[in-house]
Amino acid sequence: MNIAVVNNDQRMQEVYFALSHKYTVTAIHEFTNFDDIKEIDVLILPVKGIDEEGNITANGKKLLIPSTFWEKLSPSCKIFAGLPHPFLDALPCQILYYMQDENILLENAQLTAEGVLFLLIDNTPTSIKELKVDVIGYGRCGKAIVSWLNDLGIEARIVRREVKDTPNAICVDEWIQEEPYSIIINTSEQPIMKKEVLSSWESKPLIIDIATPDVIDMEIAQILGIRAIKAGALPSMIAYKSAGQLIAKFVRDQIDEK
């Protein structure tokens, strides 16, 4: 079985190493001569970054992939990618989106929570046990973050739309009417912290935003003296080996079934 891995960050490099123990694996990177790549059975792409032309951007760098590479892929080739994209869906290949796998999502939430703890330690001048934290959103990442904070004895308040049967929770409408805690961790994709909300605060909390879309006006926050950190892909930044192993295991499980 011939596997090709787009090796454009440390997480994908770990995928390459993990699979190389069992399969024939080719790394695709900026120095790849695509004419040398013969027929491949499995193509593994990073979590995100692909554009309408099939090029891939990561960490501000674009990996140019010629159209001929995509054109010569066999319809029998399995493509593993993180998130859905119209370019991939238009290919005549089977596409498996590993970031839709519940186990990977849950494990990545734990790695994300570890990354948030790192950011808390790295960006606060006091012991983290002295912090009071608002966690906006209570999905997989929100739950993982709150669990870690509770285990460490850090006071955490959950901010969400519905608070029924959720201990230490406050509804969004009530939260935006009062002063926030000194730390805000945003996991929600909803634009809750709008200009009028940020402007109403007398305090200047630290905001750590881990949501994928940009839902916080960073420019307004800066003008108001509110420090806001837009966290990147924390699993690949903080625990790239573990994050890569999760993807590699998913791929192995899928191709070994056959």
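Use the structure listed above.
Scope of this entry: the structure provided in the associated data block. (Residues numbered from 1 in each chain as written. Predicted model: local features only at pLDDT ≥ 70, side-chain atom pairs only at ≥ 80, totals over all residues. Heavy atoms only, no water.)

Residue pairs three or four apart in sequence face the same way in an α-helix, which turns once every 3.6 residues. Its twelve residues place the ends of helix H5 (residues 140-151) 17 Å apart at the C-alpha level, agreeing with the 16 Å of an ideal helix rising 1.5 Å per residue. All of the buried residues along H5 are Gly142, Ala144, Ile145, Val146 and Leu149. Looking at the buried side of H5, the elements it contacts are helix H4 (102-123), strand S8 (132-136), strand S9 (155-160) and strand S11 (183-186). Positive backbone phi, at 75°, marks Gly153, one or two positions downstream of H5. (Helix = DSSP H or I, 4+ residues; strand = E, 2+ residues; numbered from the N terminus. Expected span 1.5 Å × (residues − 1). Buried < 20%, exposed > 50% of the residue type's maximum accessible area, 1.4 Å probe, protein only. Contact = heavy atoms within 4.5 Å.)

Taken in spatial order, the five strands line up as S2-S1-S3-S6-S7 in an open sheet, and their pairing is parallel. Edge strands, defined here as strands with exactly one partner in the open sheet, are strand S2 (24-28) and strand S7 (94-97). In this sheet, neighbouring strand axes are inclined to one another by 20° on average, regardless of whether the strands run parallel or antiparallel. In this structure, strand S3 (residues 42-44) lies alongside strand S6 (residues 78-81), joined through three bridges in parallel fashion. If you follow Leu43 over to S6, its bridge partner there is Ile79. Against the sheet, helix H10 (residues 240-256) engages strand S1 (2-6), S3, S6 and S7, with an angle of about 155° to S6. (Pairing = 2+ DSSP bridges. Axes fitted to C-alpha atoms, helices over the stretch in contact; angles between N-to-C directions.)

The next point concerns the sheet that holds S11. With respect to topology, six strands assemble into an open sheet ordered S10-S9-S8-S11-S12-S13, the strand pairing being parallel. Looking at which strands have only one partner, the edges of the open sheet turn out to be strand S10 (169-171) and strand S13 (228-230). Ignoring strand direction, the axes of neighbouring strands in this sheet form an average angle of 20°. Examined bridge by bridge, S11 and strand S12 (residues 206-209) share four bridges and lie parallel to one another. What sits directly across from Ile184, in S12, is Ile207. With respect to the sheet, H5 is in contact with S8, S9 and S11, its orientation differing from that of S8 by roughly 165°.

Of the two faces of S6, the one lined by Lys78 and Phe80 and the one lined by Ile79 and Ala81 are each fully buried. Pairing of S6 with S7 involves four bridges; the strand directions are parallel. Within S7, the residue paired with Phe80 across the bridge is Leu96.

Here Asp165, not a glycine, exhibits a phi torsion of approximately 60°, which is positive. Structurally, Asp165 is set in the loop between S9 and S10. Even without being glycine, Asn168 reaches a positive phi, approximately 55°. For Asn168, a relative accessible area of 57% puts it in the exposed group.

Below, the discussion takes up the packing of aromatic side chains. Evaluation of the coordinates by the stated rule reveals six aromatic pairs. Here the aromatic rings of Phe69 and Trp70 are separated by 5.4 Å at their centres, their planes lie at 75°, and the arrangement is edge-to-face. Under the relative-accessibility criterion, Trp70 is labelled buried at 6%. Ring geometry for Phe80 versus Phe250: centroids 6.0 Å apart, planes at 85°, classification edge-to-face. Residue Phe80 is located in strand S6, and its partner Phe250 is located in helix H10; the two are separated by 170 residues in the primary sequence. In this structure, Phe80 and Phe250 share a single accessibility class: buried. Connected via pairs of aromatic rings, a cluster forms that spans Phe34, Phe69, Trp70 and Phe87. Lying over the aromatic face of Tyr181, Arg157 brings its terminal NZ or CZ to 4.0 Å of the ring centre. (Phe/Tyr/Trp six-rings, centres within 6.5 Å; stacked < 30°, edge-to-face > 60°. Lys NZ or Arg CZ within 6 Å of the ring centre and 35° of its normal.)

Of all hydrophobic cores here, the largest spans 25 residues; its most connected members are Leu120, Val133, Ile145, Leu149 and Ile185. Among the secondary structure elements, those contributing two or more residues to this core are H4, S8, H5, S9, S11 and S12. A total of six residues in this core trace back to one element, the largest contributor, which is H4. Beyond its immediate chain neighbours, meaning those up to four positions away, Ile145 contacts Ala113, Val116, Val135, Ile185, Thr187 and Ile210. Grouped together as the second largest cluster of nonpolar side chains are 24 residues, Phe34, Ile37, Ile50 and Cys77 included. (Core = buried A, V, L, I, M, F, W, Y, C linked by side-chain atoms within 4.5 Å.)

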